[in-house]
Every structure is written in C-alpha cells, then in structure tokens.
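# Remarks on the overall topology
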Amino acid sequence: MAAREQESWFAVGRSLSRERSRLLMLGSFVLPLCLWALIAYLPVWDSQIRLTLSSTTESDAFPTVYVPGDHMASDRFAAFQEAVRGDNAQLTPGITPAATRRTNKRILRSLAPIAVTQGWLTADKENDYAALYKLWQTIAEGAESAPISAENQRLIIRNWAALRNVSPHYDSNNFLSDPLAQLIPQGQLEVKRPAFLPAPHEVIMRGWEDFRGESELGELHVWKRYGVSLRTIALGFFFVCIVGVPIALLCGTFAFFSRLIEPFVDFFRYMPAPAFGTLLIALFGIYDAPKVGLVFLGTLPQLILMVANTTRMLDPALLDAAQTLGANRRQLITRVVIPGILPNLYNDLRILLGWAWTWLVIAELLGVKAGLTEIIDTQGRRFHFDHVYPIILLIGLTGFLTDQFLAWFRGVLFPYTEEGASASARGAARVLSKVNPLRLRRTFQPKTLPAST
Amino acid sequence: MSMKIKPDSVLITITIAAFTLLGSSCSKKETPTTSTPEPATPELEPTPTPTPPPTSKGEMLTIGYSDWPGWVAWEIGIKKGWFAEEGVQAKFEWMDYVASMEAYGAGKLDAVCMTNGDALVTGATAKPSIGIVINDYSNGNDMLVAKPGIESVTALKGKKVALEEGFVPHLLVLKALEVNGLSDGDITIVNTPTDETPQVLKSDEIAAICAWQPSSGMALKQVPGSKPIYTSADIPGLIYDCLFVTEESLNARREDWVKVTKVWYRIVDYMKNEDNTDDVLAILSARVGVTPDEYEPFLDGTHILSLDEALVAWRNAPGLASVYGSSEISDAFNVKFEVYQDAQDYKAYFDRTLTKEVAKAMK
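### Notes on helix H9 (residues 215-222) of chain B
All names here are of chain B.
- Counting buried positions along H9 gives 7 out of 8 residues, so the element sits mostly inside the fold.
- Of all the positions in H9, only Ser215, Ser216, Gly217, Met218, Ala219, Leu220 and Lys221 are classed as buried.
- Buried residues along H9 sit in contact with strand S5 (142-146), helix H8 (197-202), strand S8 (208-212), strand S9 (227-231) and helix H13 (292-301).

Now the structure itself:
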C-alpha cells in the first residue's frame, strides 16, 4: 500500500487506486457546483427590487399587472410608486358600483401576501374577505405595522375609516362602493441575477418544495410525472430492444442482412427523429404512444448499427473452432455468437439507454404534453428556472444512477470478462448462483462445445 | 446432443429481467388525468387500423383547448363536473394552441378551440370544421407589443416583428398595418411560436411581437417600458373564438354537442355573476399558472358573449358584428396574403342551430 501512495496522480496508462478514483468522482461533481456557486454569488450583479406588496395603476407606463414576487429595476419601481400615488391623488370610481367594489376587494387583498409572510394570516385565508377585513382593522388600529411603510399605514387608517363607516364587519351585501386609495407598492432590494442563473440555494429550496408537492406547481405533481417519464423511456427502450437486437444480430452475423439493411439504416439515422413528430401524432394519437414512438425511432438506427458492429467484432477463431467441431448455422448463432457477444451487448445497451433518455424531452412535447417535460416547458416559459433546474437535475441523476447500477450489475452477470467485477458484485453473483433455480450465472461461463454427432 | 446450454432462453431471461428492473422503478401511480392509459403500440409497423370515426355512441368526445382566456373558461365546467351533469362525456385536452390545431388536423380530436380565422386556415390546409359555439370576441388580449420608444404602428416601418405566421397574431398585425396605411412589405415578420414571444422581445433585433394573454402580458413584464401599440380592442369582432367540431362527429352525435353548448352557457352565467368572480379567477388562473390578480384583467380583454349577444353575432350579416361577416373579412385577408390559395366557403364553417336550440330550451 505504501508504494501505491507514492505513485503519481498522473501516471501514463495506469489506473488510479480506488480511493483516488472515488475522490476524483466526487470532484467531478463538486467542481461544476463550485463554479455555479462562484458565478451566482460573486458580487458582480446589480440589485433590483422584488415586490412584496403590489398595486395596479392606470398609468400607460405600466400596462400589465405586477404581483408580489415580480422584479423591477429600482428606478422603475420608484416610477411605479409615483404612478400609484398619482392615481390616489384623483380617485375615480369604476364604471359601475360593482366594478368599484371589485377594485376595493382587490385593494383589501393586496395586503394579504405581506401578511402571510409575517404570519398574520394563513395562506388559505388570502381570499377570505372576513379575515382580511379583520386584518385591516388590526393594522389600522396600530397593533402590527413592522414591514408596512408609514405611508401605507396612513392609507390603511384612511381606508379602514371608510370601510368601517359602511360596516364594521365584512358583509358581502353591504360593502363599500366608493373608491378606496391603493396601497403604495413596497419591495425589497435583491441581487439581480439573470433569470437563467438562479443561485444554488434558491434551486435547492425550490426543488425541495416541488418534490414534496408544497409549491405553486399546482397540478404538476413531480413524482407522478416522473413515473410517466420513466415509463415512456422504459417502454420505448423495451420495444427498441425487442425489435432492434434481433435485426442487429442478423446483420452482424450474415453479410446478406448487413448489406440489405445497414445502408438504409445508416441513411435513416441522419434524419432527425423529431421531424417525424407530426407523423407520429397522425399514426399514434396524442397521448403516450407517439412519445414512446419517438424514443423508439430515435434509438433504433443507433442500436442496429452499434450492435451489428459488436457482433462482427466476435473473435472469428471461436466460429472457426465451433465449425471445426461440426456446429451447424443455428448452433453457431445460439451457442457461439449470442453467448460470445452478451457482455459487449450489455454494454451497448447501457449506452443506448442513455441515448434513449436524450429523446425524452422532445418526445413528451408531442401531442398532449406529459411527464417532467410539462414542468420544464411551462415553468421555463415563465422564466421560473428555479423550478426547471431541479427537474433537469432529477433526470440527470436518474440516468447517472441507473448507469452506475448497470455497470455494477455487469459484474454480477459477467464476472469472467476482462473488466472483471467488484467485490460486492462477485458476492452478489455468488448469492445469485445459489438461490437462482435457473442457475443463470453458470450458463454464461464459456463452455466447451461437445462435438455434434 | 447436450442441452445444458440454452443461450437463447438466457438472452430472453436477461432482457426481461433488465426491463422488470427498469419497469419496477416506474411509478405505479395512475397516469395524470390528461392522458388516457392508451397501450403503446408494440411494433413500429403498426397494423394501420384505419382510425374509426371517433363518434360511436357513449364514447368520450375529445376536445382540444389552449391558453386563450375565452377557452380557459371551459375549465369551470370541467372542474365543476357540469359535463357529466348534462349527460355528456367530454374530455378536454390541454395543449398549445398550434399543437391542438395540428392534432385536430391529424384527425385525433373531435373538436378544437380555434379563432374563426384560424379555422379557415386549418380547413384550407388540413381539415375543415364546423363552429357550434361562439365563446367570445377578443377585446384587447391580443396585442401588438412594441419596445420602448416605439409609440405607434407607423413607427414599425422597416422593423422586425415576431409572431406566429399564418395564425391569429398575423391577421391582427396585417390589419394594424392596413389601418395605419402601411403594407405587409413595410415590416419583416420573424416566425416565432406565440409562447416564445416574451423571450424574443428581449432580443435587440426585434422591434415588436404580437401575442395573446398570458404571453402578451409576460412580454410586457419582460421588457420594462414596452407597451401595446395596437390591440384587438381597437378592432373588436375581428377575432371570434369558437368551438369547432368535425363534421362526422357533429352528424353522428349532435345531441351530445348540444349538451356541450348547454354547459357553455352555464359557464357564462356563472362567470357573469359578480359573487363568483373570486372562484372563477381561482380556477382559471390555476390552469394557466398565473395569480388570480394577474388573471383579472384578462376577463376584460376577452368579451365573453352572453347567450343574447351570441345570437346577435350568429346573424348572417356583413361586418365585424357577425361571426359570418368577420370570417368573410378573414378569408379575404388570408387569400390576399397567401396564407392559403383559394377562398373558403366560410358559411359552411358554422352551424348556429345548436346555440339557437339551447336558447329556445332556456326560455
């Protein structure tokens, strides 16, 4: 061991010790994370205002509705406040008393988000006007005011006086029809990172909420959608193996099939699979089938060419030997070719499973959007990248862990190959051979073929 | 001959084992309500079952709807279970607007929510349809949003405008140009999916975008100081939003479509009642993923037609007060600007008798 520790980290053509390999594997994840954190937390970004309390204004400069959580540049925020003050200076009733009542209710509600963050109101009461009415009374009477500006405190007192004159308790049939003053928008100074670069802690927090189903994703339950996405991949990959592997075996074994099939496949694989999207919808409808179809179509040409090539790489000496021993054509395939390429076929399929994953997001956009893609698509469109990144990470992690497992499992299935098997895989293989009534493992071991009679 | 080794059976066992592993990681939870557990077709070469007309009795009516506020309103009927109450099995599929028209064109939906102009385009290029419900006319939610500094449509001359070519925003922009004495050659159109217009407006090369809510509102937020320089409120009636049904489905299941129409007017009544506004906003805003406060102005930008107003719009008259007159204008525009080649028989695209039947039953 001592000798090993002195070995260089950069020895040419040598593999590293297990400890070092593990360390570097950890590093390969930690380094990009550090880079991300560095860029996100470096003090190079401007600041901006995140709204905590918002209003609407008649001003043409603000033609859309801003809600708490929206961001604004500081000067624009000041202009926004000024616009609302301008509206307050000349309060005009709505077109109808009903419209004015509606606006007044919105003003009542405008206090809710800040009250929820302060714990004065529970989130389910945001639209409960009786509770809001009480909240206004409490604040107007001076009990709580910490994050509320002095200016808004005065407006709240003024509005409350008007509200109380009509009714001291909320009564939907007896609600103020004269216009209330709007609260002046409030906000907090925040680091202004580009929308596509949320800070790591924001992504982690959002991901935690999303995965626990506690966020505003609403109907987009992450785990349910994860299941749908996994099924799409699993089905697509399953069918591609069922169809593709036999074709590839034939191509790899017989020059006849190779020449008949491979040139077209080679031509076909350059056609982008998503180009067949509309066709797939026309054939398979708008639900799961076209999505599975795209994964299938995108993976099939690669699989045929790759596995056919693997088959051709089989040591010809094995075939010669078997033929010398009198094996017929069928025996050559079933007893030499297939057992001979199994370990490499397994590796090919591992790579192709990764390939299948790359089609997922495009596939799930076909027809009715489904799976994790719907979250990525709808949230990305709203620039909520803090919702998007956890999903992307989930996909990446799934692929990575699956591959790690399959790499380990290779050792269980094929412990005799050059790559060998880890100790745990060897152990598992031993257990498997004992408990497995089919004696699966033994059958993989190379055997001498008895001469045919 | 020794039979100790059976590599072929081994191969199969391995494959199955591998997929059982994969499959077991799949969630066993039920699929989301928006998709039917349609078994995936195992072969690539499908026995091309000639799609049976999806019209047999008792089967689900499948209807594609998208994020236009007038169509999001169907969500109220869906959430409250009114379709079942009226005795019709209708399944609404939430899709992107253009994707829903494509799915309709491919024959995979019984009905789709479209504007009257886009129904003509879809009919001329893919599959004709018959409008049976007029949901609303656009009254400001379709917007031509320009960068700060561009105050009018005439200032767009020589500039680039991003919009979805051949569809409703295209029509609105062409109309805006015409009203302001410009021609289509005066601007360069950059073909962009409507839901991507907010990002596109940020780009330096683009002077304006045309989109409907919630995308238009998103664009206004993304580019501070941008403003709508022309909206559908400037020309109400140019864009009617309707429910379009396949001819086969309408013929085979007219009674069911009357029930769907009936549900629509239940929805309209519910929405017009001031006391329900908060509930309405909660349902609708959740569907498109904005807050109720953000959604509230959309209600004004989409003029939902009451039953009486709809009966007026169903009158066959020239001009934008009639869905027929409006479609005549759209058709002329589409031919003039070569969206499609031949003028469409726009009258064949509508059937007002279902609305009239519901009106009679309600009085």
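### A word on the packing of helix H14 (residues 329-358) of chain A against helix H17 (residues 385-413) of chain A
Residue and element names in this part refer to chain A.
- At a closest axis distance of 11 Å, the pairing of H14 and H17 adopts a crossing angle of 175°. The angle between H14 and H17 places the two elements in the roughly antiparallel class. Along the contact surface, H14 presents Pro343, Asn344, Tyr346, Asn347, Arg350, Leu353 and Trp357, while H17 presents Ile395, Thr398, Thr402, Asp403, Leu406, Ala407, Phe409, Arg410 and Leu413.

### Regarding the packing of helix H4 (residues 97-110) of chain A against helix H6 (residues 129-140) of chain A
Residue and element names in this part refer to chain A.
- In contact at an axis separation of 9 Å, H4 and H6 are set at 65° when each is read in the N-to-C sense. With respect to the hand of their crossing, H4 and H6 are arranged in left-handed fashion. When H4 is examined against H6, the residues Arg102, Lys105, Ile107, Leu108 and Arg109 are found in contact with a partner set consisting of Tyr129, Leu132, Tyr133 and Trp136.
- Along the lines of polarity and charge, the residues of the contact of H4 with H6 split into 6 nonpolar, no polar and 3 charged.

### Some thoughts on unusual backbone geometry
- A cis amide bond links Gln213 of chain B with the next residue in sequence, Pro214 of chain B, at an omega value of 5°.
- Relative to the helices and strands, Pro214 of chain B is located in the loop between S8 and H9.
- One non-glycine residue with positive phi stands out, namely Phe383 of chain A, at about 65°.
- One can find Phe383 of chain A in the loop between helix H16 (371-381) and H17.
- Of note in this structure, Glu338 of chain B is not a glycine but carries a positive phi near 55°.
- Assignment of secondary structure puts Glu338 of chain B in the loop between helix H15 (323-336) and helix H16 (353-362).
- A residue is classified by how much of its surface remains accessible, and Glu338 of chain B, at 61% relative accessible area, is exposed.

### Some details on H16 of chain B
All names here are of chain B.
- Among all positions of H16, only Leu354, Thr355, Val358 and Ala359 are buried. Buried residues in H16, looked at end-on, bunch into an arc of 140°, giving them a common side. Exposed residues lying more than 90 degrees from the buried face of H16 are Lys360 and Ala361.
- Structurally, H16 contributes buried residues whose contacts are with strand S4 (130-138), helix H10 (247-252), helix H11 (254-272) and helix H14 (307-313).

### As for the packing of aromatic side chains
- Evaluation of the coordinates by the stated rule reveals 39 aromatic pairs over all chains.
- Relative to Phe80 of chain A, the ring of Phe62 of chain A has its centre 5.0 Å away and its plane inclined at 40°; by these criteria the two rings are tilted. Residue Phe62 of chain A is found in the loop between strand S1 (47-53) and strand S2 (71-72), and its partner Phe80 of chain A is found in helix H3 (residues 74-89); the two are separated by 18 residues along the sequence.
- For Phe62 of chain A, a relative accessible area of 4% puts it in the buried group.
- An aromatic cluster is built from Tyr65, Trp74, Phe83, Phe92, Trp94 and Trp264 of chain B, whose rings are joined through pairwise contacts.
- We note Arg20 of chain A situated over the ring of Trp9 of chain A; from NZ or CZ to the ring centre the distance is 4.3 Å.
- Above the ring of Tyr129 of chain A, the side-chain terminus of Lys105 of chain A is found at 5.1 Å from the ring centroid.

### Digging into the environment of Gly166 of chain B
Residues and elements named next belong to chain B.
- The residue Gly166 is located in the loop between strand S6 (160-163) and helix H7 (168-179) in this model.
- When the C-alpha positions of Gly166 and Phe337 are compared, they lie 9.2 Å apart, and in sequence the two are 171 residues distant.
- Those residues in contact with Gly166 that sit more than four places away from it in its chain are Asp118, Val121 and Val339.

### Topic: the sheet that holds S1 of chain A
Residue and element names in this part refer to chain A.
- Pairing is antiparallel in the open sheet, where 3 strands are placed in the order S2-S1-S3. If you trace the sheet from one side to the other, it starts and ends with S2 and strand S3 (186-191), each paired once.
- Where S1 and S3 come together, 6 bridges link them in antiparallel fashion. Residue pairing in the sheet places Arg50 in a bridge with Gln188 of S3.

### Quick look at the environment of Tyr230 of chain B
Residue and element names in this part refer to chain B.
- Among the secondary structure elements, Tyr230 is positioned in strand S9.
- For the pair Tyr230 and Leu61, spaced 169 residues apart in the sequence, the C-alpha separation amounts to 37 Å.
- Beyond its immediate chain neighbours, meaning those up to four positions away, Tyr230 contacts Asp142, Met143, Leu144, Val153, Leu172, Lys175, Ala176, Val179 and Ile235.

### Description of the domain arrangement of chain B
Residue and element names in this part refer to chain B.
- You can read the domains of chain B as domain 1 (61-137 + 239-362) and domain 2 (142-234).
- With 21 residues of domain 1 in contact, the opposing surface of domain 2 contributes 17 residues.
- Carbon and sulfur atoms supply 70% of the area buried between domain 1 and domain 2, which totals about 1,800 Å² over both sides.
- Among the residues of domain 1 in contact with domain 2, Ile239, Phe333 and Phe337 are the three that bury the most area, contributing 31% of the side total.

Parameters at a glance
- Residues numbered from 1 in each chain as written.
- Chains lettered and ligands numbered in written order.
- Predicted model: local features only at pLDDT ≥ 70, side-chain atom pairs only at ≥ 80, totals over all residues.
- Heavy atoms only, no water.
- Buried < 20%, exposed > 50% of the residue type's maximum accessible area, 1.4 Å probe, protein only.
- Helix = DSSP H or I, 4+ residues; strand = E, 2+ residues; numbered from the N terminus.
- Contact = heavy atoms within 4.5 Å.
- Axes fitted to C-alpha atoms, helices over the stretch in contact; angles between N-to-C directions.
- Parallel < 35°, antiparallel > 145°, perpendicular 65-115°, else oblique.
- Left-handed = near helix turned anticlockwise from the far one by under 90°.
- Nonpolar A, V, L, I, M, F, W, Y, C, P; charged D, E, K, R; others polar.
- Arc of directions from axis to C-beta.
- Phe/Tyr/Trp six-rings, centres within 6.5 Å; stacked < 30°, edge-to-face > 60°.
- Lys NZ or Arg CZ within 6 Å of the ring centre and 35° of its normal.
- Pairing = 2+ DSSP bridges.
- Domains from an automatic or database assignment.
- Buried area = accessible area lost by both parts, 1.4 Å probe.

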